[in-house]
Amino acid sequence: MTTTDNRTTPVLSLSNYSIRFATPDGEVQAVSDLSFSVEAGETLAIVGESGSGKSQTFNGVFGLLAKNGRTEGEARLEGADLLKLSTRDLDRVRGRDMAMVFQDPMTALNPTLKIKRQLAETLEVHKGMRRREAEAEALAMLKRVGIPDAERRIEQYPHELSGGMRQRVVIAMALLCRPKVIVADEPTTALDVTIQAQILELFAELTGEKTALVLITHDLGVVAGVADRIAVMYAGRIVEEGRVDDVFAAPAHPYTAALLGSIPRVDRDTLGVDPIPGRPPNLIRPPSGCAFHPRCGFAVERCTTERPPLDRVEREGAGPRRAACWRAFVDAAKGTAKGELAHV
């Protein structure tokens, strides 16, 4: 990622990072040549349609890919390349220095162990706490994430809790060791609106405590409320990245604009919602040029033959911005009005 003045050394940085899956039908190019970073105290939102590579990106970082998957490039946690660590060394890092909140809490919890044992074990392994001390810390964290009657719930098994409570348990588990980086994959999907607000407030507190948060989500309302920067993914690539306010106010990539246009809003009726036409591409045989061009109403011939680089786009009054769109580059050069795309 391009650095700017007053930026500190990133906690997590990916460079030329790719993920491939071998299948009987050919190689799936799930993630292609990503380069970005997140700093301490910062919240970076990763958004995009299902299948865009958001979750797989971090499954690779955490060493959780399926056996037919492989990573390339670098994924550095405070300078150490995670992709080169042994399984034993990676086990020491996961849970202690970086943690993930999974979308489905039942895949992250052991159905045969009580909540107390699962939470306390994290502290015993990574912090060297004695059992009683670890259980007391686990109970305090359950209360912090808003689980009612936490003294009773901590003695229960996962199947005895509601989906929302299980999700809060998974969030508590991720927070226990105060990791340097938390990756939250749709962390509030199973929660009601009140609990969503509590969890998002808790995440905000953590970033204030210098934890870096990567938020994978479809909910652009959540992004607007909590994120500092946003990275928009399409077909395994980042197509736009910048400050949330700048990107929402004047998207530089047609896909970003289409995502924003497809969201129902209270200031317009449902007829004003514009669904994105077509379907995401086949990542075994992706289209030439810009992967979005078959669905893009602004595409020209160059878009069909040359893949645009993810490069800096300057806009007056806006912060650092990168986009992978030939028209965005021309737009910035010509000073096109906010929200418009230039003709090339």
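Computed from a predicted model, the values in this text were never measured in an experiment.

Enquirer: Looking at this structure, I do not really get helix α6 (residues 163-175). What am I missing?
Expert: Count 3.6 residues to each turn of an α-helix, and residues three or four apart come out pointing the same way. With 13 residues, α6 should cover 18 Å at 1.5 Å per step; its first-to-last C-alpha distance of 19 Å lies within 8% of that length. Counting buried residues in α6 gives twelve out of 13 residues, a clear majority hidden from the surface. Looking only at α6, the buried set comprises Gly-164, Met-165, Arg-166, Gln-167, Arg-168, Val-169, Val-170, Ile-171, Ala-172, Met-173, Ala-174 and Leu-175.

Enquirer: Which parts of the structure should I look at to understand helix α1 (residues 54-61)?
Expert: Of all eight residues making up α1, six are buried, and the element is well covered by its neighbours. Of all the residues in α1, the buried ones are Lys-54, Thr-57, Phe-58, Asn-59, Gly-60 and Val-61. Backbone geometry just after α1 places Gly-63 at a positive phi near 70 degrees.

Enquirer: Just to check I follow, could you spell out the nonpolar core for this structure?
Expert: Residues Phe-58, Val-61, Met-98 and Ile-230 are the most contacted members of the largest nonpolar core, which totals 53 residues. Considering every element that reaches this core, the biggest residue donor is strand β2 (residues 26-38), with six residues. Discounting residues that sit within four places of it in the chain, Val-61 has contacts with Leu-12, Leu-14, Tyr-17, Ala-75, Leu-82 and Met-98. Counting 38 residues, the second largest nonpolar core, distinct from the first, contains Leu-123, Val-170, Ile-195 and Val-222.

Enquirer: What's the story with the sheet that holds strand β6 (residues 98-101) in this structure? I'm lost.
Expert: Note on sheets: strands pair through backbone hydrogen bonds, and any given pair is parallel or antiparallel. With respect to topology, eight strands assemble into an open sheet ordered β6-β7-β8-β3-β9-β10-β12-β11, the strand pairing being mixed. Two strands bound the open sheet, and with one partner strand each, they are β6 and β11 (311-312). Pairing of strand β10 (residues 237-243) with strand β12 (residues 321-323), which is carried by three bridges, proceeds in the antiparallel orientation. Paired with Gly-242 across the strands is Arg-321, a residue of β12.

Enquirer: Looking at this structure, how should I read unusual backbone geometry?
Expert: Outside of glycine, negative phi angles account for most residues, and trans bonds account for most peptide bonds. Positive phi values are uncommon outside glycine, yet Glu-78 reaches one of about 50 degrees. Phi is positive for Arg-178, which is not a glycine, with a value near 50 degrees. Taking relative accessible area as the criterion, Arg-178 reaches 39% and is therefore assigned partly exposed.

Enquirer: I keep staring at the side chain of Glu-240 and nothing clicks. Help me out?
Expert: Position of Glu-240 among the secondary structure elements: in strand β10. One polar contact links Glu-240 to Thr-256, side chain to side chain, over a distance of 2.8 Å.

Enquirer: Looking at this structure, how should I read the confidence of the model for the protein chain?
Expert: Low-pLDDT stretches of the model should not have their predicted coordinates read in fine detail. With 90% of its residues at a pLDDT of at least 70, the protein chain reaches an overall mean of 87. Across residues 1-6, confidence stays below pLDDT 50; counting only partners more than four residues off in sequence or on other chains, it has twelve contacts. Here residues 332-344 is modelled with pLDDT under 50, and outside its nearest four sequence neighbours on either side it reaches 22 contacts, counting other chains as well.

Enquirer: What am I meant to see in the packing of aromatic side chains here?
Expert: When we look at a pair of aromatic rings, we describe it by the centre distance and by the angle of the planes. A full pass over the atoms with the stated rule returns four aromatic pairs. Consider the rings of Tyr-234 and Tyr-255, whose centres lie 4.6 Å apart with planes at 55 degrees: the pair is tilted. Of this pair, Tyr-234 sits in strand β9 (residues 229-234) while Tyr-255 sits in helix α10 (residues 254-261), and the two are 21 residues apart along the sequence. On the basis of relative accessibility, which here comes to 0%, the residue Tyr-255 falls in the buried class. Look at Tyr-255 and Phe-292: their rings are 5.3 Å apart centre to centre, the planes differ by 65 degrees, and that puts the pair in the edge-to-face class. Linking Tyr-255 in helix α10 with Phe-292 in the loop between α10 and α11 (301-305), this pair joins segments that are 37 residues apart in sequence. Residue Tyr-255 shares its accessibility class with Phe-292, and that shared class is buried. Members of the aromatic cluster, connected to one another through ring pairs, are Tyr-234, Tyr-255 and Phe-292. Directly above the ring of Trp-326 sits Arg-302, whose terminal nitrogen or CZ lies 3.6 Å from the centroid.

About the cut-offs
Residues numbered from 1 in each chain as written. Predicted model: local features only at pLDDT ≥ 70, side-chain atom pairs only at ≥ 80, totals over all residues. Heavy atoms only, no water. Helix = DSSP H or I, 4+ residues; strand = E, 2+ residues; numbered from the N terminus. Expected span 1.5 Å × (residues − 1). Buried < 20%, exposed > 50% of the residue type's maximum accessible area, 1.4 Å probe, protein only. Core = buried A, V, L, I, M, F, W, Y, C linked by side-chain atoms within 4.5 Å. Contact = heavy atoms within 4.5 Å. Pairing = 2+ DSSP bridges. Polar contact = N/O pair within 3.5 Å; in protein donor to acceptor, adjacent residues only side chain to side chain. pLDDT = per-residue confidence, 0-100. Phe/Tyr/Trp six-rings, centres within 6.5 Å; stacked < 30°, edge-to-face > 60°. Lys NZ or Arg CZ within 6 Å of the ring centre and 35° of its normal.

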